[in-house]
Amino acid sequence: MCYYLLCPIRSNVMIRAALTKFQNKWRNYRHRFVPWIALNLRRNEGSLRHVTKSIQDKPIHDEVVSETLLKLFGALLERDGADGKQSLKETRLRPKVVQTKSNDAREMHEEGRMAESDDLIFQSMGFCIHRRPSSVPLAGVGVFITKGWVPKGTVVAMYPGTVYEAYEPIFFQSLRNPFVFRCIDGVLVDGNDKGISKLVYKSCSRRDMLGPYRLSDFSWLTNPKNPLAIGQYVNNCNDSPANVCYQEYDVPRVFPLELHQYLPNVKYSHETQRPIRCIVLVSLRDISPGEELFSNYYTIVES
Ligand SMILES: C[S@@+](CC[C@H](N)C(=O)[O-])C[C@H]1O[C@@H](n2cnc3c(N)ncnc32)[C@H](O)[C@@H]1O
């Protein structure tokens, strides 16, 4: 009798102990991409990023991020029109103009725009960045430095997308979506440029205007006018160490209003009081032309 009673009790205790151990490990574990972690944790344990405190997961100062963005966005604004109003008008008109062109003319127009963007980013940042088929078999698209050198500690890309507070609903957008990025504080950024995610981003971006100024950029959903806004396509490193890492950056309130139109992030709810959250990718070492960017999809935050 005793035997039958004791056995379930002992196994209950063991199960509870195992669950507590798992819960503790899970709490410390700040995963970036939810579906990916479930499938690949064991295979990629060697490529984990360890940081001691969440506050320390900033390889460069936020002021340096601000300076970089101000420089690039300033150059984009100069290209698009001195006060940003012209670029807004242009953005509204562009679809109609493009519709009247043949496919060839449209392709030439896009190629011209890409070459112009390349010159601009090369002049202000010293490198060019593009999407290409990944060097990792079956990994889809990746992001490459195609021209110029990237010194260690440089902002190389931005992770675009809709920003959800931890309590906001994202269930339907997250189904079969490998682009949902999780910040250390639980904020989620949906960088998918297709389907329902695309619709949500566009509608939030159109909602948020301040007078003549757009507060976010939605061109990354098709052809990014901010050339850095392709960070959601950076793949996870497998065997060799990552050459970039994610840094969370809350846009300071003093960030010039006319430059917000180049920020590739928008709040899901406009009632959220905190500053807009952006994610930048920062180089962990010097990167040479032709190299693919690789990040860590896993970060362990040890408290
Ligand atoms: C955020 S997306 C990155 C962009 C993706 N490569 C694409 O073409 O859409 C994450 C997905 O990329 C793929 N991926 C990323 N790193 C990988 C790797 N090292 N090996 C294989 N697949 C990878 C996985 O399918 C993962 O769910």
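In the block above lies the structure referred to throughout.
This section reports on the structure supplied with the text. Everything quoted here is computed from the prediction, not taken from an experiment.

So, about the site of the ligand. Around the ligand there are 14 residues in total, and A139, V141, N235, N236 and N238 lie nearest to it. The backbone of V141 places a nitrogen or oxygen atom 2.8 Å from an oxygen atom of the ligand. N236 is positioned with one of its backbone polar atoms (N or O) 2.8 Å from a nitrogen atom of the ligand. For the shell around the ligand, the class distribution of residues is 9 nonpolar, 5 polar and no charged.

What follows concerns the pattern of salt bridges. As enumerated under the stated definition, the model contains 10 salt bridges in all. For D185, the salt bridge identified is with R277, shortest N-O distance 2.9 Å. Taken together, the residues span a long stretch of sequence, with D185 in the loop between strand 7 (180–182) and strand 8 (188–190) and R277 in strand 14 (residues 277–283) at a distance of 92 residues. D185 gets classed as partly exposed once you look at its relative accessible area, which sits at 40%. R277 sits in the buried class, given a relative accessible area of 4%. With a closest N to O distance of 2.7 Å, D208 and R207 form a salt bridge. Owing to a relative accessible area of 14%, D208 belongs among the buried residues under this scheme. Taking relative accessible area as the criterion, R207 reaches 33% and is therefore assigned partly exposed. Each of E165, D185, E248, D250, R274 and R277 takes part in one network of salt bridges that share partners.

This brings us to the sheet that holds strand 14. Ordered by their spatial adjacency, 3 strands build an open sheet running 5-14-12, and the pairing between neighbours is antiparallel. A strand with exactly one partner marks an edge of an open sheet, and here the two such strands are strand 5 (155–159) and strand 12 (244–250). Between one strand axis and the next, the sheet turns through 30 degrees on average, direction left out of account. The pairing of strand 12 with strand 14 spans 7 bridges and is classified as antiparallel. Its bridge partner lying in strand 14, D250 is registered against R277. Together, strand 5, strand 12 and strand 14 form the strand contacts of helix 3 (residues 62–80), whose direction differs from that of strand 12 by roughly 90 degrees.

About the cut-offs
- Residue positions are given per chain, counting from 1 as you read along its sequence in written order.
- In view of the model being predicted, local features appear only for residues whose pLDDT reaches at least 70, and side-chain atom pairs are presented and counted only at 80 or more, with totals across whole chains, interfaces and linings using the full set of residues.
- Derived side-chain values reflect all non-hydrogen atoms in the structure, with water molecules and hydrogen atoms excluded from consideration.
- If a single non-hydrogen atom of a residue is within 4 Å of a molecule or strand, that residue counts as near it.
- Residues adjacent in sequence count toward polar contacts only when both atoms are side-chain atoms; beyond that, a polar contact is any pair of N or O atoms within 3.5 Å, and within protein one must be able to donate a hydrogen and the other to accept it.
- Each residue is assigned to one class: nonpolar for Ala, Val, Leu, Ile, Met, Phe, Trp, Tyr, Cys and Pro, charged for Asp, Glu, Lys and Arg, and polar for all the others, Gly among them.
- Every case where a carboxyl oxygen of Asp or Glu lies within 4 Å of a side-chain nitrogen of Lys or Arg is listed as a salt bridge.
- Helix numbers and strand numbers start at the N terminus; a helix is a DSSP run of H or I with at least 4 residues, a strand a run of E with at least 2.
- Burial classes follow relative accessibility: with a 1.4 Å probe on protein chains only, a residue under 20% of its type's maximum area counts as buried, one over 50% as exposed, and anything between as partly exposed.
- Strands are treated as partners if at least two bridges between them are detected by DSSP.
- With axes taken as lines fitted to C-alpha atoms, and helix axes fitted only over the stretch in contact, angles between N-to-C directions fall between 0 and 180 degrees.
- Note on contacts: a residue pair is in contact if any heavy atoms of the two residues lie within 4.5 Å.

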